[in-house]
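Structural description and commentary
Listed below are the residues making up each chain.
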Amino acid sequence: ERGTAPPMTRHRVTAKGKNVPERIDTFKELQDRYHIASQLMVNLERNGYRYPTGIQSSGCPILLESRDLAAISPTGTGKTLSYLLPIMTLLKTPISSSKADAGAGIRAIVLAPTRELAHQIYNECLKLAQGRKWRIVLFSKATAATLVDKGVQDKVDIVISTPLRLVSSIQSGHLSLHNVQHLILDEADRMLDQEFIAQVQEILAACTHERLQTAVFSATLPAGAERIALDMLRDPIRVVVGLKDT
Ligand code: ADP
Ligand code: MG
């Protein structure tokens, strides 16, 4: 949208919770404050992301300060980047080039209700991963089979999956989530409905890392789903983005 106002100006953003981190107006500001890797900044630019959207300007600082988050923002407002950029910053380096974390296991999980949505998230993730050796896995029957090998599993940075696929691997004893430090539920209204809630709870229970950060993202979050979400989150911040003229 060359020549138009920054997308964020079209949104009204409210954030509630304890000690809400200050929002940012530019990606540069985000880099100054949180030391986003320069490769990530290059990838933002390369993919035409010039200004953060409303959910990105409010959500990124919250996640970068390791807080839990319930985010409600309309479809098409860039929710994916608002969690991928913080995750890829907090993970610091791809596991393949960091000796300290090597051998510990999968570090981040993004859950989506359908394979198609998981695939879209995966593609967004690849855009940010350009130029570095991130191991990003779109979970499927085939990739699940390769992850049975612990040596392979230990070298994975981010897994993107539907709940059922992941649960079957946990149940078969082939997947350990004890090193997961970031768990994102995308399209949370669906992830917390009758179809998926038991699976999501099972995945959450398998994520036993003491510093687990959990966040839910959705275009809408009915009261029932929100109560369940808030139960899963620790001292969360709730962000709501609305279009200004609606
Ligand atoms: P949502 O999950 O909120 O529906 P997406 O994360 O799928 O939205 O993003 C919608 C589209 O906007 C995608 O094509 C994405 O690449 C693009 N996008 C995301 N953030 C920005 C930005 N800051 N500037 C320009 N385009 C963006
Ligand atoms: Mg989305």
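Let us look at the structure shown here. (Residues numbered from 1 in each chain as written. Chains lettered and ligands numbered in written order. Predicted model: local features only at pLDDT ≥ 70, side-chain atom pairs only at ≥ 80, totals over all residues. Heavy atoms only, no water.)

Okay, the site of ligand 1 next. Around ligand 1 sit 15 residues, and of these Tyr-49, Tyr-51, Gln-56, Gly-76 and Thr-80 come closest. Taking Gln-56, its side chain carries an N or O atom lying 2.8 Å from a nitrogen atom of ligand 1. In the environment of ligand 1, an oxygen atom lies 2.6 Å from a nitrogen or oxygen atom belonging to the backbone of Gly-76. Of all the secondary structure elements, the ones that give two or more residues to the shell around ligand 1 are α4 (79–90) and α5 (115–129). (Near = heavy atom within 4 Å. Polar contact = N/O pair within 3.5 Å; in protein donor to acceptor, adjacent residues only side chain to side chain. Helix = DSSP H or I, 4+ residues; strand = E, 2+ residues; numbered from the N terminus.)

Moving on, we get to helix α3 (residues 54–64). Of all 11 residues that make up α3, 11 are buried, and the element is covered over most of its length. Along α3, the residues classified as buried are Gly-54, Ile-55, Gln-56, Ser-57, Ser-58, Gly-59, Cys-60, Pro-61, Ile-62, Leu-63 and Leu-64. Those residues of α3 that are buried lie in contact with β1 (11–16), α1 (27–34), β2 (69–72), α4, β7 (213–218) and β8 (237–243). (Buried < 20%, exposed > 50% of the residue type's maximum accessible area, 1.4 Å probe, protein only. Contact = heavy atoms within 4.5 Å.)

What follows is about the packing of aromatic side chains. A ring pair, where both rings are aromatic, is described by two values, the distance of the centres and the angle of the planes. In the structure shown here, the tally under the stated rule is one aromatic pair. Consider the rings of Tyr-83 and Phe-217, whose centres lie 5.1 Å apart with planes at 55 degrees: the pair is tilted. One end of the pair, Tyr-83, is in helix α4; the other, Phe-217, is in strand β7, with 134 residues separating them in the sequence. Assigned by exposure class, Tyr-83 and Phe-217 land together as buried. (Phe/Tyr/Trp six-rings, centres within 6.5 Å; stacked < 30°, edge-to-face > 60°.)

This part takes up the nonpolar core. If you look at the biggest cluster of nonpolar residues, it comprises 43 residues, and the most contacted ones within it are Leu-30, Tyr-83, Leu-85, Ile-158, Ile-160 and Phe-217. Leave out the neighbours within four places in its chain, and Leu-30 touches Ile-24, His-35, Ile-36, Cys-60, Pro-61, Leu-64 and Leu-85. (Core = buried A, V, L, I, M, F, W, Y, C linked by side-chain atoms within 4.5 Å.)

Remember that the coordinates give geometry; whether it matters functionally is a separate question.
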